[in-house]
Amino acid sequence: MRSTLRTRKPNAKSTKALAALAAGVLAFSLTACGGDDGGDGGDGGTGNNDGSAPSVQLPELDGQKLEVAAVFTGPELENFEKVLDEFEKRTGATVTFVPTGNNTSTFLGTKIEGGKPPDVAFLPQVGVLHQFAEKGWVKPLGSEAQAQLAKNFSQGWQDLGAYEGEQYGVYVKAANKSLVWYNTASFEAAGIAEEPKTWDEFVQTAQTLSDAGSPAVSIGGADGWTLTDWFENVYLSQAGPEKYDQLAKHEIKWTDPSVKEALTTLAELWGKDDLLAGGASGALQTEYPKSITQTFGGDTPAGMVFEGDFVAVTINGDTDAKIGTDAKVFPFPAVGDESPVVTGGDAAVALKDGEGAQALLTFFASTDAAEIWAAQGGFLSPNKEMDEGSYKDDVTREISKALLAAGDDFRFDMSDQAPAAFGGTQGVGEWKQLQDFLKNPDDVAGAQRKLEADAAKAYGNG
């Protein structure tokens, strides 16, 4: 199936690794200090914090004009441009950034069919990478990029960028998408001394915040992808890895009892307007960045916001909160026996032949690029050879160490494995149906039927 990636059945090793990852996140949330503690965000001239020579040699590309397309905006884009600046300095090429908007596959598909694709694009869904490879829209990695990939990335991350035995993508950015960030002042004002570890404790913590006069949970429901992340974490913890893999491949239907159980659990929070910042209506009008800024700023900040490690980008760039002091984090609460660990990522692929596109991919796969980006903050890399000291703060550094310690035993974002028409397009498929469910969380059966109808159409196996 075109949207299926390599996964493995859980065993003692994988369970232990995933448990260690969740425990590691919990440990640093209690002890990490905020601020810049020595990560070098300097000019990035060599790409190495210790001033040593570059780890990868790049060709001279004087006069070449290249385009890179991605969904990045705001502070995340500003940080990425530091990486592009270094590439330009070392090659002589000029690189222009092209924003894709949230509908990455549609934007790029139009460009490709019109004969004007960017040289390189970042694909946030592995399902889209497979679709593009199936259509012949992406170019295989060259030998130099392949060498950097093999040297710096574990086999699991390499496999995610491959399709039918050919390597196409480099997963430059990773994400731990199983984190809840909280406003320490809101917790203190409500008398909350302990971080919730289970779903029941989480809902009770939200109720305590609400009773104390604080908006409890901020949800960026205007961006449907945030709602898929909520579902995936609940489902993975409650139904388990094997069911998760089956649903990701559409080997079981969305009308399965396990989906009913997960949606019913979500409704315990989504069905209580007093626990959501602005209620369900307000959540559906709140875009992802605002869900963070209204948690760590304003006159009545929310107590908690769920999303990945990349929340740090917005905290650092758009609020006055200090990570580790004003903003802390804990693992997504355990719905079943263990807290879930869902990962995501962005794969860089070449959409044009040519030395410039391959040089960009080679650079993106290097430790040099990873360390420059890490030094800016709000970035997590699966590059296992990079200097962990490059990360801007202790919180991100510890998230990275825990993620790498899990090796290849992780579960990738379910919606990102799906065909884009179901799991990756604004206003349709899973994004739309979960928005409708947030609006009407009493209709579990109706949501299941609509999700299954859309999934069957997108996967083509209804």
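Scroll up for the structure.
All of these numbers come straight from a predicted model, not from anything done at the bench. (Residues numbered from 1 in each chain as written. Predicted model: local features only at pLDDT ≥ 70, side-chain atom pairs only at ≥ 80, totals over all residues. Heavy atoms only, no water.)

Undergrad: I keep staring at the overall build of the protein chain and nothing clicks. Help me out?
TA: Of regular secondary structure, the protein chain possesses 21 helices and twelve strands. Long-range contacts, defined here as pairs at least 24 residues apart, represent 78% of the contacts in the protein chain between residues at least 6 apart. Counting every atom, the protein chain has about 17000 Å² of accessible surface; 47% of that belongs to carbon and sulfur. (Helix = DSSP H or I, 4+ residues; strand = E, 2+ residues; numbered from the N terminus. Contact = heavy atoms within 4.5 Å. Areas by Shrake-Rupley, 256 points an atom, 1.4 Å probe, with all protein chains shown as cover.)

Undergrad: Looking at this structure, I do not really get the packing of aromatic side chains. What am I missing?
TA: To describe a pair of aromatic rings, one takes the distance between the centres and the angle between the planes. One pass over the full model with this rule turns up 32 aromatic pairs. Both rings, one in Phe-80 and one in Phe-122, keep their centres 5.4 Å apart while their planes meet at 80°; by these two values the pair is edge-to-face. Here the residue Phe-80 occupies a position in helix α2 (residues 74-91), and Phe-122 occupies one in strand β3 (residues 120-123), the gap between them amounting to 42 residues. Since its relative accessible area comes to 0%, Phe-80 is described here as buried. Among the aromatic residues, ring-to-ring pairing joins Phe-72, Phe-80, Phe-97, Phe-122, Phe-364, Trp-373 and Phe-379 into one connected group. (Phe/Tyr/Trp six-rings, centres within 6.5 Å; stacked < 30°, edge-to-face > 60°. Buried < 20%, exposed > 50% of the residue type's maximum accessible area, 1.4 Å probe, protein only.)

Undergrad: What am I meant to see in the pairing of strand β11 (residues 342-350) here?
TA: Moving residue by residue along a regular strand, the side chains alternate between the two faces of the sheet. Taking burial as the measure, the nine residues of β11 include nine buried ones, the bulk of the element. The alternating pattern of β11 places Val-342, Gly-344, Asp-346, Ala-348 and Ala-350 and Thr-343, Gly-345, Ala-347 and Val-349 on opposite faces, both of which are buried. Examined bridge by bridge, β3 and β11 share four bridges and lie antiparallel to one another. Bridge pairing in β11 places Phe-122 opposite Ala-348. Looking at chain direction, strand β6 (residues 170-176) and β11 are connected through six bridges and run antiparallel. Paired with Ala-175 across the strands is Gly-344, a residue of β11. Here β11 pairs with strand β12 (residues 411-412) via two bridges, running parallel. Pairing of Val-342 across the sheet is with Arg-411, part of β12. (Pairing = 2+ DSSP bridges.)

Undergrad: Sorry, what's going on with the nonpolar core here?
TA: One broad rule of soluble globular proteins: the nonpolar side chains tend to lie buried together. Residues Phe-80, Phe-87, Phe-122, Phe-132, Trp-181, Ile-315 and Phe-364 are the most contacted members of the largest nonpolar core, which totals 86 residues. In terms of residue count, the dominant contributor to this core is helix α15 (residues 355-364) (six residues). If we skip the residues at most four places from it in the chain, Ile-315 touches Trp-181, Ile-292, Phe-296, Ala-321, Ile-323 and Ala-327. In this structure, Val-180, Ala-267, Met-414 and Leu-451 belong to the second largest nonpolar core, which totals 52 residues. (Core = buried A, V, L, I, M, F, W, Y, C linked by side-chain atoms within 4.5 Å.)

Undergrad: Looking at this structure, I do not really get the pattern of salt bridges. What am I missing?
TA: Opposite charge on two side chains makes pairing possible when the charged atoms of those side chains draw close. In this structure the tally under the stated criterion is 13 salt bridges. With its nearest N and O atoms 3.7 Å apart, the salt bridge here joins Asp-346 to Lys-173. Taken as a pair, Asp-346 in strand β11 and Lys-173 in strand β6 lie far apart in primary sequence, 173 residues in all. Classification of Asp-346 by relative accessible area gives buried; the value is 10%. (Salt bridge = Lys/Arg side-chain N within 4 Å of Asp/Glu carboxyl O.)

Undergrad: Would you explain the pairing of strand β10 (residues 327-331) in this entry?
TA: For β10, the buried fraction is high: four of the five residues fall into the buried class. Note: strand β7 (residues 179-183) against β10, five bridges, orientation antiparallel. Paired with Tyr-182 across the strands is Lys-328, a residue of β10.

Undergrad: Could you clarify how one ought to interpret helix α14 (residues 311-318) in this entry?
TA: Note that an α-helix has 3.6 residues per turn; residues three or four places apart therefore point the same way. Within the span of α14, buried status applies to Val-311, Ala-312, Val-313, Thr-314 and Ile-315. Residues of α14 that are buried make contact with α2, β7, α13 (288-293) and β10.

Undergrad: What exactly am I supposed to notice about the sheet that holds β10 here?
TA: Hydrogen bonds between backbone atoms are what pair the strands of a sheet, whose relative direction is either parallel or antiparallel. If you trace the four strands from one edge of the open sheet to the other, you get β8-β9-β7-β10, paired in mixed fashion. On the outer flanks of this sheet lie β8 (217-218) and β10, each paired with one strand and no other. In this structure, β8 lies alongside strand β9 (residues 304-306), joined through two bridges in parallel fashion. Within β9, the residue paired with Val-217 across the bridge is Met-304. Along the sheet, helix α8 (residues 199-211) makes contact with β7, β8, β9 and β10, crossing β9 at roughly 140°. (Axes fitted to C-alpha atoms, helices over the stretch in contact; angles between N-to-C directions.)

Undergrad: For this particular structure, what's the right way to read the side chain of Gln-448?
TA: Within the secondary structure, Gln-448 sits in helix α21 (residues 444-459). The residues touching Gln-448, leaving out its near neighbours within four places in the chain, are Trp-254, Thr-255, Asp-256, Val-259, Lys-260 and Leu-263.

Undergrad: Could you clarify how one ought to interpret the packing of helix α9 (residues 224-239) against helix α11 (residues 257-270) in this entry?
TA: When two helices pack together, their arrangement is given by the angle between the helix axes and the distance between those axes. In the contact formed by α9 and α11, the axes pass within 9 Å of each other and the chain directions differ by 120°. Viewed along their axes, α9 and α11 adopt a mutual orientation that is oblique. Our pair here, α9 against α11, has a crossing hand that is right-handed. Contact residues: Leu-227, Trp-230, Phe-231, Val-234, Tyr-235, Gln-238 and Ala-239 in α9; Ser-258, Val-259, Glu-261, Ala-262, Leu-263, Thr-265, Leu-266, Leu-269 and Trp-270 in α11. Across the contact of α9 with α11, the residue classes tally to twelve nonpolar, three polar and one charged. (Parallel < 35°, antiparallel > 145°, perpendicular 65-115°, else oblique. Left-handed = near helix turned anticlockwise from the far one by under 90°. Nonpolar A, V, L, I, M, F, W, Y, C, P; charged D, E, K, R; others polar.)

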